[in-house]
Amino acid sequence: MPHDPGADAPDPGPAAAEQRTDLAVIGAGPAGLAAALAACARGVRVTLVDAAPEPGGQFHRQPAAGLGARRPQALHHRWRTWERLRDGLAAGSVRTLTDHHVWCVERVPDGFTVHALLGPRQEEPAEVHARSVLLATGGYETVLPFPGWTLPGVVTAGGAQALLKGSLVVPGRRAVVAGSGPLLLPVATGLAAAGTEVAALVESTGPERLARHARALADKLPEGAGYAARLLRHRVPVLVRHTVVRAHGDDRLTGVTVAALGPDGRVRPGTERHLACDTLAVGHGMLPHTDLALSLGCRLDGLAVAVDDEQRTDVPGVWAAGEATGIGGAALALAEGHIAGCSAAARLRGTAPDPAPAALRARGRLRRSAAALGSAWAPPAHWAEQVTDDTVVCRCEEVTAGTVRHALDLGAGDERTVKLLTRAGMGWCQGRICSPAVAGLAGCAPTPARRPLARPVPLGVLARHHPQEEPS
Ligand SMILES: Cc1cc2nc3c(=O)[nH]c(=O)nc-3n(C[C@H](O)[C@H](O)[C@H](O)COP(=O)(O)OP(=O)(O)OC[C@H]3O[C@@H](n4cnc5c(N)ncnc54)[C@H](O)[C@@H]3O)c2cc1C
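On a predicted model such as this, the values are computed, not experimentally measured, just so you know.

This part covers the site of the ligand. Close contacts around the ligand come from 29 residues, with A31, D50, V102, Q161 and E323 the closest. P30 is positioned with one of its backbone polar atoms (N or O) 3.2 Å from an oxygen atom of the ligand. A31 has a polar backbone atom sitting 2.9 Å from an oxygen atom of the ligand. Here the ligand has 980 Å² of accessible area as a free molecule, and 91% of this is covered by the chains. Of all the secondary structure elements, the ones that give two or more residues to the shell around the ligand are α2 (30-41), β4 (100-108), α4 (157-167) and α9 (330-349). Here the shell around the ligand is built from residues that sort into 12 nonpolar, 13 polar and four charged. Of the residues that make up the shell around the ligand, three or more belong to each of domain 1 (5-140 + 287-355) and domain 2 (143-284).

Written as C-alpha cells, this is what we have:
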C-alpha cells in the first residue's frame, strides 16, 4: 500500500499549511531561482521555499514593497539577470512560498517533508511534501572578533549591504569598511554611492596574493576594474595589507584604530592610526549554510556540501547548488542552480539531464576563479594575537577570549571541548558566529557543526509533531 504521510501523521494543529510537490527548492537566491525555473520548464511541479519576504536571495535582495523604491536597479549589479529570473517566476507555474523558515527536512517513505515556520514570529508551522529536495541555502558571513567589535555601530559588511538594498537605509554617516574578501568592494562602493562618506576600505590581503592567481582570475578583471573606478570616483581611500585592531567608543562607535600588516601577517608596530567613523562594516569572507544538508546525512567536502557533476549530493533525491556547495558568487550560483534543476527534473521524469552547455562551461570557469579567490583572500594569519582577554568571543553566551584561553590552558584542543568547558557556541546562534573565532583561538581548523534543527523552533511546534506516546 502506498504510504500516505497524512494518514498517520500527528495533527499539526489548525494553522498548519501543507503542500505537495515533485521538487522542493529551499532558497530563492540565484541558485534556487535558476534551479526552480529549469525544473519547472521541464514539466516538474516545483515549490520554491524561502525565509525572506521576497525571492532574490542576498545578491538580488529587493527593497521592501512598502518603500516605493523608484529606481531599485541603482543599487544592483546584473539587473537584467534579475529581471529574467523575476519574469520567469511570474510567467511560470513555480509555487513560491516566502516567509517560510525551514528548520528541518525529514526523509519519509515517499520522499521528504520540509518543515517550516511561517512569518516573522516563526511560531506557525507549515509543511511541504516533496519527492525530491534541492538545497540552495547560500552562505553566511564570517566575522572574527577584535576589541570593541560588539559596540553599536559595528555591523557586518553583508548586513550593511542588506540594510541598503532591502530597507534603503545606510547604517551611518561616516563608515570604515574592513576585513577581507570581495564582498567589501560592493559594500564600500554601495555605501559611498548612497551618500555615506567611506573613510577607508581596509583590506588585509595584499594585491600580490591576487597577482599570484592572475590567470584564474582573468575573467574577474573587468569587474575588479569597475569597482576600482567607482572607489576612485567616490574618493574612497584603500588601505591594503591593513587591519582594524580596535573599535573605540563608550556606548557606540566613534572610531577605529587600523594598522599595517607585515609579510608574516602580524601587525607592524608603530603603524597604528585612528580613523573617526560612526559605522564599521566588517567581514572576513563567507561560509556555506550546511545545516539542512548535514541533518539529511549529506557528505561534506571540507565545509561545503559535496556534489557530483549533476549537483547531486550522496543522499538519493537531494541536490545542492550555489554557495551551500562552496563560496563562489552569484554567477556561479546561477550556473549550478540551472544544472541542478535540469538534473532533478530529468531524474524525476526518467529522462536524461539537458543543461545548457553555456552553464556547464560557466560553472567550470567560475569554480576555478572561486578557488583562486578563496586562496588569495584570507584574514591576517595572526589575527588572534590582537584579541585581548576581555574581548567577547561568543556573543550569545558572553564568553570572553580570556575564558576560551583558560579552557585551552586546561587542555581543550578543539572547538567542542572549548564549548563544553565555556558554553561558547551553546547560545541562540548555536556557534554560527563564534565557531571560526573559537577555532582560530584554539589553533585548529573550523569543523562543520551538526545541528539537528536549522532554526530555533518553539517547543509547542515540536510537541505537536511528536506527541508523547500513550503508555500501553
Ligand atoms: C548578507 C550578505 C550580503 C551579500 N551581498 C552581496 C552583494 O551585494 N554582492 C555580491 O556580489 N555578493 C553578495 N553576497 C554574496 C552572495 O550572497 C552570493 O554570491 C549569491 O547570492 C549566492 O547565491 P545563492 O543562491 O547560493 O545564495 P543566496 O543568495 O544567499 O540565497 C540563499 C537563500 O536561501 C534562503 N535560506 C537559507 N536558509 C534557509 C532556511 N533554513 N529556510 C528558508 N530559506 C533559507 C535565504 O533566505 C536566501 O534567500 C552577500 C552575501 C551575504 C551573506
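What the domain assignment reports for the protein chain is domain 1 (5-140 + 287-355), domain 2 (143-284) and domain 3 (387-442). With centres defined by C-alpha atoms, the gap from domain 1 to domain 3 works out at 33 Å.

Pairing within the open sheet is parallel, and its five strands lie in the order β8-β15-β9-β10-β11. Each edge of the open sheet carries a strand with a single partner, namely β8 (154-156) and β11 (238-240). If you compare each strand with its neighbour and ignore which way they point, the axes differ by 20° on average. Pairing geometry for strand β9 (residues 174-180) and strand β15 (residues 279-284), over six bridges, is parallel.

Time to look at the packing of α4 against helix α5 (residues 184-193). Interaxial distance between α4 and α5 falls to 9 Å at its minimum, and their mutual angle equals 45°. Viewed along their axes, α4 and α5 adopt a mutual orientation that is oblique. Considering only the axes of α4 and α5, their crossing is left-handed. Of the residues in α5, those in contact with A157, A160, Q161 and L164 of α4 are L184, P186, V187, G190 and L191. Looking at the contact of α4 with α5 residue by residue, the classes come out as seven nonpolar, two polar and no charged.

Turning our attention to the environment of A192. Considering the arrangement of structural elements, one finds A192 in helix α5. Considering only alpha carbons, one finds A192 and A463, 271 residues apart in sequence, at a separation of 49 Å. In this structure A192 touches V198, H234 and V236, once residues within four positions along its chain are discounted.

Scanning the model with the defined rule gives 18 salt bridges in all. A salt bridge links D291 to R451; its shortest N-O distance comes to 3.0 Å. Separated by 160 residues along the polypeptide, D291 in helix α8 (residues 291-296) and R451 in the loop between α13 (435-442) and α14 (459-465) bring together distant segments of the chain. Like R451, D291 is buried. Put simply, R423 and E397 hold a salt bridge, and the shortest N to O gap is 2.8 Å.

This part covers the environment of H382. Relative to the elements of secondary structure, H382 occurs in the loop between α10 (357-376) and β20 (392-394). Distance in space between the C-alpha atoms of H382 and R266 is 5.7 Å, their sequence separation being 116 residues. In contact with H382, not counting residues within four places along its chain, are D264, G265 and R266.

As a further point, take the packing of aromatic side chains. On inspection of all chains with the given rule, the structure shows zero aromatic pairs. Here the basic side chain of R230 rests over the ring of Y227, its NZ or CZ set 4.9 Å away from the ring centre.

Basis of the calculations
- Position numbers for residues start from 1 in each chain and track the written sequence from start to end.
- Predicted model: local features are reported for residues with pLDDT of at least 70 only, side-chain atom pairs are reported and counted for 80 or more only, and whole-chain, interface and lining totals are derived from all residues.
- Side-chain measures here rest on the full set of heavy atoms in the structure, leaving out hydrogens and waters.
- Here a residue counts as near a molecule or strand whenever at least one of its heavy atoms sits within 4 Å of it.
- In the analysis that follows, any N or O atom pair within 3.5 Å is treated as a polar contact, provided that within protein one partner can donate a hydrogen and the other can accept it, and provided that, for residues neighboring in sequence, both atoms belong to side chains.
- Methods summary: accessible areas were calculated by the Shrake-Rupley approach with a probe of 1.4 Å, and residue burial reflects only the protein chains presented.
- Here a helix means four or more residues in a row that DSSP labels H or I, a strand means two or more in a row labelled E, and each is numbered from the N terminus.
- Classification used: nonpolar for Ala, Val, Leu, Ile, Met, Phe, Trp, Tyr, Cys and Pro, charged for Asp, Glu, Lys and Arg, polar for all others including Gly.
- Residue ranges labeled as domains rest on an automatic or database domain assignment.
- DSSP-based pairing: two strands are paired if at least 2 bridges between them are found.
- To obtain an axis, a line is fitted to C-alpha atoms, over the contacting stretch when the element is a helix, and the angle between two such axes runs from 0 to 180 degrees between their N-to-C directions.
- The labels follow the angle: roughly parallel below 35 degrees, roughly antiparallel above 145, roughly perpendicular from 65 to 115, and oblique for the rest.
- Handedness of a crossing is defined here by the sense of rotation of the near helix relative to the far one, left-handed for an anticlockwise turn of less than a right angle and right-handed for a clockwise turn.
- Whether two residues touch is decided by their heavy atoms; if any such pair falls within 4.5 Å, the residues are in contact.
- Counted as salt bridges are all cases of a side-chain nitrogen of Lys or Arg within 4 Å of a carboxyl oxygen of Asp or Glu.
- Burial classification: accessible surface area is computed with a 1.4 Å probe over protein chains only, and a residue below 20% of its type maximum counts as buried, one above 50% as exposed, and the rest as partly exposed.
- Pairing of aromatic side chains requires ring centres within 6.5 Å, counting the rings of Phe and Tyr and the six-membered ring of Trp. Pairs whose planes differ by under 30 degrees are stacked, by over 60 edge-to-face, and all others tilted.
- Geometrically, a charge over a ring is one whose NZ (Lys) or CZ (Arg) sits within 6 Å of the ring centre while staying within 35 degrees of the ring normal.

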